[in-house]
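# Structural characterization, general
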Amino acid sequence: MTAIAFPRPDQSIMARRERIVEGLLSILPPDCVVSSEDERRPYETDAFTAYRNLPLVVALPRTTEEVSAVLRFCSEAGVPVVPRGAGTSLAGGAIPQEDAVVIGVAKMSKVLEIDYENRFVRVQAGVTNLAVTGAVEHEGFFYAPDPSSQLACTIGGNVGMNSGGAHCLKYGVTTNNLLGVRMVLLDGTVIDVGGAHYDSPGLDLLGLICGSEGQLGIVTEVTARILRQAEGARPVLFGFETSEAAGEAVAAIIAAGIIPVAMEYMDKQAIEICEAFAHAGYPLDVAALLIIEVEGSETEMAATLARIVEIANANGVKTVKESKSAMETAAIWKGRKSAFGATGRIADYICMDGTIPTGQLPYVLRRIEEIVKSYGLRVANVFHAGDGNLHPLVLYNVNDPHEAEKAEDAGNDILKLCVEVGGCLTGEHGVGIEKRDLMTVQFNRIDLEQQMRVRGVFDPRWLLNPAKVFPLEGRVTA
């Protein structure tokens, strides 16, 4: 497995560790500073568990003002900072360096403002994704982006990675539902970008911040739009004899101008894994499964489903099973949203996150199978088919270094394939450490230099989440 090259810790910083802890304790109460080795251990990695580094110390501020004070202190001390939400990043976005201070937002979990008339909610960055909907659903509203980790992942982390989810086909990802942020710059300056409205004058800094992976500042508050819940929603299971047929059906549905709320794909391996875990009623005699959800009035749902069934039949669908109750609907989505965890029960895996044009789905699915088989490994495909955001799970034995290396190589080949067919390296997981050295596959030197110059305007010393996103060699500043 390719070694991850972290910058060598600055020995002068390591020697000042006690002074750094002392400085943080002058800003935060003792229960907001994690300094012992055992207490720091949970922060040494995120959901990309192949790599670990014990941070210098962990700070858990409770307010924007405390984040500002901590960042100002770290900036003056020249200490690298790693922002952290819930640590659910699958790309190593929150893995620290040994000379870094982790700043977590776990204690920033307040809902600050709800405005139903203007359809927005303002929350602290540590509020979980699911809790945003939980705060407004009693009034018939919801927050649209719904990543599989929504029970745990924070809204601040969602902004950092521009997270999506199963329902992003219709409602978009985080950037499409983000109205404003309060963010703290490295020197402690607090800025407000956007607000409780749909557009802001001047440069689109909100678009720059969303998906910046904690390299421009630390988001402490998020203003997001909330939507009225639909009159009704209904998922339907479509089973196909081959993955190519399922891919053709997806492409045909999108080409017909039909935009379901969600269109999720599972191959046979994923179907069996998820059905054994969730008992969702998935058909086990098919090679590929689409979960297609429509919403609206009964008449609207019936009309949309009739068109989708017609297209599915034209592409050789074998099984069509419509949810008949709220309990069946919950089970169907439980199976899909438990896919990563359920897979972890049977094997170690690397979860990829490439995005492709939907018209390339049949070809790419065939090539993924060929790539993984060429390494002597297995793959479970489960992904957002409607927008072409792939999540192949390359299965391997983490205790076998040779298999681990092959799994990483297979994953890299899959991501290169995504770029080759006109897609990109990531849809919602971010670049982090995982895809950092593949950035040159998608971007040329000039592209990367321009991106790094923008980053350098906010953080000329590269102290914010260093060793992520950009290749370590050839870095430039503003």
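What counts and what doesn't
Residues numbered from 1 in each chain as written. Predicted model: local features only at pLDDT ≥ 70, side-chain atom pairs only at ≥ 80, totals over all residues. Heavy atoms only, no water. Helix = DSSP H or I, 4+ residues; strand = E, 2+ residues; numbered from the N terminus. Rg over C-alpha atoms; globule rule 2.2 N^0.38 Å. Buried < 20%, exposed > 50% of the residue type's maximum accessible area, 1.4 Å probe, protein only. Contact = heavy atoms within 4.5 Å. Areas by Shrake-Rupley, 256 points an atom, 1.4 Å probe, with all protein chains shown as cover. Lys, Arg positive; Asp, Glu negative; His and termini not counted. Charge placed at Lys NZ, Arg CZ, Asp CG, Glu CD. Axes fitted to C-alpha atoms, helices over the stretch in contact; angles between N-to-C directions. Parallel < 35°, antiparallel > 145°, perpendicular 65-115°, else oblique. Left-handed = near helix turned anticlockwise from the far one by under 90°. Nonpolar A, V, L, I, M, F, W, Y, C, P; charged D, E, K, R; others polar. Pairing = 2+ DSSP bridges. Arc of directions from axis to C-beta. Patch = residues over 30% accessible without salt bridge, like charges linked within 9 Å, V, L, I, M, F, W, Y side chains within 5 Å. Salt bridge = Lys/Arg side-chain N within 4 Å of Asp/Glu carboxyl O. Polar contact = N/O pair within 3.5 Å; in protein donor to acceptor, adjacent residues only side chain to side chain.

### A short note on the overall build of the chain
When helices and strands are counted, the chain shows 17 helices and 18 strands. Over its C-alpha trace the chain gives a radius of gyration of 22 Å, about what one expects of a compact globule, namely 23 Å for 478 residues. Reported as C-alpha extents along the three principal axes, the dimensions of the chain are approximately 70 × 55 × 45 Å. Taking all 478 residues of the chain together, the buried fraction comes to 57%. In the chain, the share of contacts with a sequence separation of at least 24, taken over all contacts with a separation of at least 6, comes to 71%. Working note: accessible area of the chain is about 19200 Å², and carbon and sulfur atoms make up 51% of it. Of the side chains in the chain, 42 bear a positive and 61 a negative charge, and the two mean positions are spaced by 2 Å.

### Comments concerning the packing of helix α9 (residues 243-255) against helix α14 (residues 361-374)
Two measures define how a pair of helices packs: the angle their axes make with one another and the distance between the axes. Their axes nearest at 8 Å, the elements α9 and α14 cross at an angle of 150°. Considering their axes alone, α9 and α14 lie roughly antiparallel with respect to each other. Crossing of α9 over α14 shows right-handed handedness. Of the residues in α14, those touching α9 at Ser243, Glu244, Gly247, Glu248 and Val250 are Leu361, Pro362, Leu365 and Arg366. Partitioned by chemical class, the residues of the contact of α9 with α14 number 4 nonpolar, 2 polar and 3 charged.

### What to know about the sheet that holds strand β1 (residues 33-34)
Strand order in the open sheet formed by 4 strands is β1-β2-β4-β3, and the pairing between neighbours is mixed. Two strands bound the open sheet, and with one partner strand each, they are β1 and β3 (81-84). One ladder, built from 4 bridges, connects β3 with strand β4 (residues 101-104); its direction is parallel. Within β4, the residue paired with proline 83 across the bridge is isoleucine 103. Strand contacts of helix α4 (residues 64-77): β2 (57-59), β3 and β4, with the helix running at about 165° to β4, the strand carrying the most contacts.

### Notes on helix α5 (residues 129-136)
Burial in α5 covers these residues: Asn129, Val132, Thr133, Ala135 and Val136. Down the axis, α5 shows its buried residues gathered within 155° of arc, on one side only.

### Considerations on a nonpolar patch on the surface
Judged by side-chain polarity, Leu203, Leu205, Leu208 and Val454 come together as a nonpolar surface patch covering roughly 340 Å² of accessible area. Here leucine 208 shows up in helix α8 (residues 205-209).

### Side note on the packing of α14 against helix α15 (residues 401-420)
Axis separation between α14 and α15 bottoms out at 10 Å; the angle between their running directions is 155°. The angle between α14 and α15 places the two elements in the roughly antiparallel class. Note that α14 runs across α15; the crossing there is right-handed. Within the contact between the two elements, α14 uses Tyr363, Val364, Arg367, Ile368, Ile371 and Val372 and α15 uses Ala410, Asp413, Ile414, Leu417 and Glu420. The residue makeup of the contact of α14 with α15, split by class, is 8 nonpolar, no polar and 3 charged.

### Observations regarding the side chain of aspartate 146
The residue aspartate 146 is located in the loop between β7 (141-142) and α6 (155-161) in this model. A distance of 2.5 Å separates polar atoms of two side chains, one belonging to aspartate 146 and the other to histidine 167. Excluding its chain neighbours within four sequence positions, the residues that come into contact with aspartate 146 are Asn129, Gly164, Gly165, Ala166, His167 and Lys337.

### Comments concerning the sheet that holds strand β13 (residues 262-267)
A sheet is described by the order of its strands in space; here 7 strands give the open sequence β15-β12-β14-β13-β17-β18-β16, paired in antiparallel fashion. On the outer flanks of this sheet lie β15 (317-322) and β16 (348-351), each paired with one strand and no other. Pairwise comparison of adjacent strand axes, ignoring direction, gives a mean angle of 20° for this sheet. With 8 bridges joining them, strand β12 (residues 233-240) and strand β14 (residues 288-295) adopt antiparallel strand pairing. Bridged to valine 236 within β14 is isoleucine 292. Sheet contacts for α9: β12, β13 and β14; angle to β14, the most-contacted strand, approximately 25°. Here α15 sits on the sheet in contact with β16 and β18 (392-396), set at roughly 160° to β18.

As far as function goes, none of this settles anything; it's purely spatial.
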